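Here are the chains, one letter per residue:
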Amino acid sequence: MRVRARCSHQLGVNKDAAYEFKYVIDGTFVNEPEADSFKWNEFAGNENGVLVV
């Protein structure tokens, strides 16, 4: 059985800023493959996706 779910959320963000993010899918952190860029996160030991607004 295949279950499809949709979720959305709206945030206020500052113009001309960059934000690091990841998705959590079934308990696993996943980067957006079409992110504007990627930045190394020393604390987590992996990359985060970057969204430039």
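Further up the page is the structure itself.
In short, a report on the structure. Every value quoted in this text rests on a predicted model; they were computed, and no experiment measured them. (Residues numbered from 1 in each chain as written. Predicted model: local features only at pLDDT ≥ 70, side-chain atom pairs only at ≥ 80, totals over all residues. Heavy atoms only, no water.)

### A look at unusual backbone geometry
This is how the line gets drawn: Under the DSSP-based scheme used, a helix requires at least four consecutive residues in state H or I and a strand at least two consecutive residues in state E, with every element numbered from the N terminus. Exposure is judged per residue with a 1.4 Å probe applied to protein chains only, and the accessible area is read against the type maximum: over 50% gives exposed, under 20% gives buried, and values in between give partly exposed.
Even without being glycine, Asp16 reaches a positive phi, approximately 60°. Note that Asp16 resides in the segment before strand E1 (18–21). Residue Asp16 is classed as exposed on the basis of its relative accessible area of 67%. At Asp26, a position not held by glycine, the phi torsion is positive, near 50°. In this structure, Asp26 sits in the loop between strand E2 (23–25) and strand E3 (28–30).

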